[in-house]
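# Examining the three-dimensional arrangement
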Protein chains: 2
Amino acid sequence: MSGRSRVDGGLALLGPQDTALLRLLDDTFRDWGVQAGAGEISAPPLYPVDALAHLDVYVNFPHLALVAGGLTTPTDGPAQGRFTTGQTADAHLGLSTATCFGAYLLLQDTRVAPDTLLTLVNRCFRKEDHFDGLRRLLSFQMREIVAIGTQAHTKAVIARFRERVEEFLTLLALDVRVEAATDPFFEAGGVRALLQKMEPVKYEFQVDGLAIASVNTHRNFFGERCRITVGDDGATAFTGCVAFGLERWLAVLLDHYGTAEKARTAVDQALRELGPG
Amino acid sequence: MSGRSRVDGGLALLGPQDTALLRLLDDTFRDWGVQAGAGEISAPPLYPVDALAHLDVYVNFPHLALVAGGLTTPTDGPAQGRFTTGQTADAHLGLSTATCFGAYLLLQDTRVAPDTLLTLVNRCFRKEDHFDGLRRLLSFQMREIVAIGTQAHTKAVIARFRERVEEFLTLLALDVRVEAATDPFFEAGGVRALLQKMEPVKYEFQVDGLAIASVNTHRNFFGERCRITVGDDGATAFTGCVAFGLERWLAVLLDHYGTAEKARTAVDQALRELGPG
C-alpha cells in the first residue's frame, strides 16, 4: 500500500523505496560538493517576481513560468479545477525554475572569495507543455553545486564535476552522451545565443535521451545582475553550476535496474569504486 | 560573506551555519520517526486546487492560501512587484499549507495496516498578515511524523512523541509550555470547533510564545476524505501527526544559544542524553 509511488499531472508522491533512492542520490551529490569545499545553504522555492524578473526569467522563458498570489476573500472554492482571475489577487511571487538562483540572491551585494563554492537542493517548478512520469515533472527536486568567483575557478569546478559525473554514470553502466546544449536560460537573447554557438556554455548528460544532469557556465551574468564582486579591484564575479535533476536520475535508474532497492545497491557499489573526490 | 543568512518579506536564505543546524534538526526528527517504524516518503509542495479544496483548505483558511498558475503569453514583465490578473491565467495549483497532506494523498483509496507510520519534510506556504524573521515566514520547512490506522494507534504515536518532544526541549534548557490549541485546520467549522473544546485535538509546544511543534489528531477526517480504510471491515482510518516547524526551532535555538554552532553542540548533547526512542 504505502510502498507505491504515484505520479500524475506532473506531480510525484514517492513511496519509501523511491524516496530512499532519491535521498541517496541527493546525499551523494551534496557530499561531492562538500568534499570539494562547498558550504551547504538553503533557499526558498519562490521569490518576489521582481527578483526573478531581474534575472531575466520572464524574458527568457515566460511559457514555463508559474506565479502565485493570494485569494480575494471571501471567495467561493475553485470550479473546474481553477480559481478564476476574478477570485485571485495579483501575483507577487514567482515559483523558482532553477535551484541556483538562491545562491546568487544570498550573495547579492557582497564580495566573495575567488573560489567560493556552495551547494543547495530545492524544489523547482516548470509549466511544461506535457508531463511524462518522473522524466518530466511540474514540480521536481534539483541539487546544485555552484561556483562563484574567478572565471578560472568556475571552469575548474565544471571540469572536475564533468569528469566525476561521467565516471559515475559509466560505473552505473548507464549509456551516457554528453551533449553541448543551448541553455534555456539564454535562449531568447540573440547575442547571447550567438555567443553560445561559438563557445558552448552548457553540457547535458543524457541517458536514453533524457538530460539528467548538466554543467553550466553563466560568465558574469548573475554576478552582474546580483552585484557580486571578487577580489580587491571589485571585478564582477563569474558563476557556473552543476545541476542534478533528482527525479530524472530516479527514472533512468529504475528503468535500468528494475527496482529502487537494486538501484541503491548499484549506486552504493559505484560510489565505492569511484572513491572520494 | 556567504556565512550570513538573509530573511526578508517572509523568505529565508540560510547560510551554511544555519543550514547545518536546520539539517541536524530535520535529521533528528526524521530519525525519531524511522526508529518508531516510519517509512520516509516525498511529496510535492503544491497540488491541484481541487485536491486541496477536497481537504477543506479553502473553506478553513482562505486568507492564508496562495494559488499559482501560468502567465498569458506574450506578456510584459511584472510592474510594481506584481503580475496583474490580466497577465495571469486561472490558478490551477494550490501551494501546500502543511506537510502531512502528502501522506493522505499518497494513501488515497488504499487500505493501510492498522499501525501505519510515515515521515516526510516539505516546503509549506502561508500568506500571513505579517512576517517576523525566522519566527513567521511565508515559505518554511515542516517535518512531520504521520500516524494512519486505528484510533488507538494515532493516540499512542501522539503520546509517545508528546513525551519525547517535551524531554528534548527540557534537555535543551528551553522553557516550554504545552498548550491546547485550536487547530487552524478546523477553525471555521462550527461543530468541529465545538467538539475541539470538549476534547482538544491539538497541543502546541510553545517557546517564548512561539509554537515550534505540535501534535494533532484529526479523528477520521482525512481518512474519510481520502477514502483510506484499515482492517478487513473497511473501517475509515484515523490519522494524527506530529509537526516540527524547522525555521522556528532555528529561531528559538539561535535566540537561546547565540550562534548556530553553539546550538548544534547543545542539540548533539541533548540527543546523547535523550538516548534512542
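Residues numbered from 1 in each chain as written. Chains lettered and ligands numbered in written order. Predicted model: local features only at pLDDT ≥ 70, side-chain atom pairs only at ≥ 80, totals over all residues.

### Structural notes on the environment of Ala79 of chain A
We count it as follows: Secondary structure elements follow DSSP: runs of H or I of four or more residues count as helices, runs of E of two or more count as strands, with numbering from the N terminus. To sort residues by exposure, count the other C-beta atoms lying within 10 Å of each residue's C-beta; 20 or more gives buried, 12 or fewer gives exposed, and values between give partly exposed, all with C-beta atoms placed from the backbone.
Here Ala79 of chain A lies in the loop between strand E5 (66-70) and strand E6 (93-95). A count of 13 C-beta atoms within 10 Å places Ala79 of chain A in the partly exposed class.

### Re the relation of the copies chain B and chain A
For clarity, the threshold we go by: The least-squares superposition of copies is restricted to C-alpha atoms, and to residues with a pLDDT of at least 70 in both copies. This entry defines residue contacts through backbone-placed C-beta atoms, with two residues in contact when those atoms are within 7 Å.
Rotating chain B by 180° and translating it 0.0 Å along the rotation axis places it on chain A, where the RMSD comes to 0.0 Å. Such a combination of turn and shift is consistent with a two-fold rotation axis. In terms of C-alpha distance to the rotation axis, chain B has Ala68 of chain B as its closest residue, with the C-alpha 2.0 Å off the axis. Looking at chain B, 100% of its interface residues are interface residues in chain A too, so the copies touch through the same face.

### A closer look at the interface of chain B and chain A
Applicable threshold: Polar here means any residue other than Ala, Val, Leu, Ile, Met, Phe, Trp, Tyr, Cys and Pro, which are nonpolar, and Asp, Glu, Lys and Arg, which are charged; Gly is therefore polar. One bridge is not enough; two strands pair if DSSP finds at least two bridges between them.
On the side of chain A, 63 residues touch chain B, which itself brings 63 residues to the contact. When residues of the side of chain B that touches chain A are assigned to their parent elements, the largest contribution, 5 residues, is made by strand E5 (residues 66-70) of chain B. Of the residues in the side of chain B that touches chain A, the class split is 34 nonpolar, 21 polar and 8 charged. Strand direction decides the pairing type here: E5 of chain A and E5 of chain B, joined by 5 bridges, are antiparallel.

### What about the confidence of the model for chain A?
Counted only if it meets this: The pLDDT value expresses, per residue, how confident the predictor is, ranging between 0 and 100.
Mean pLDDT for chain A: 93, with 93% of residues reaching 70 or above. Two summary scores accompany this predicted model of the complex, namely pTM at 0.95 and ipTM at 0.94.

### What to know about the sheet that holds strand E14 (residues 235-236) of chain A
All names here are of chain A. What the 3 strands build is an open sheet, ordered E7-E13-E14; its pairing is mixed. Edge positions in the sheet fall to strand E7 (111-112) and E14, since each of these pairs with one other strand and no more. Pairing between E7 and strand E13 (residues 229-230): 2 bridges, direction parallel. Looking at E13, one finds that Val112 is bridged to Val230.

### Brief notes about the nonpolar core
Within soluble globular proteins, side chains that are nonpolar tend to cluster in buried spots. As a reminder, the rule being used: In this description, a nonpolar core means buried residues of the types Ala, Val, Leu, Ile, Met, Phe, Trp, Tyr and Cys, linked to one another by C-beta atoms lying within 7 Å.
Core analysis: the biggest nonpolar cluster contains 170 residues, and Val67, Ala68 and Ala103 of chain A together with Val67, Ala68 and Ala103 of chain B have the highest contact counts within it. Val67 of chain A has contacts with Val49, Ala91, Leu93 and Gly94 of chain A together with Ala68, Leu71, Phe83 and Thr88 of chain B, leaving out every residue within four places of it along the chain.

### Description of the pairing of E5 of chain A
All names here are of chain A. Of all 5 residues in E5, 4 are buried, a share of seventy percent or more. Here E5 runs beside E6; their pairing, made up of 2 bridges, is antiparallel. Paired with Ala68 across the strands is Leu93, a residue of E6.

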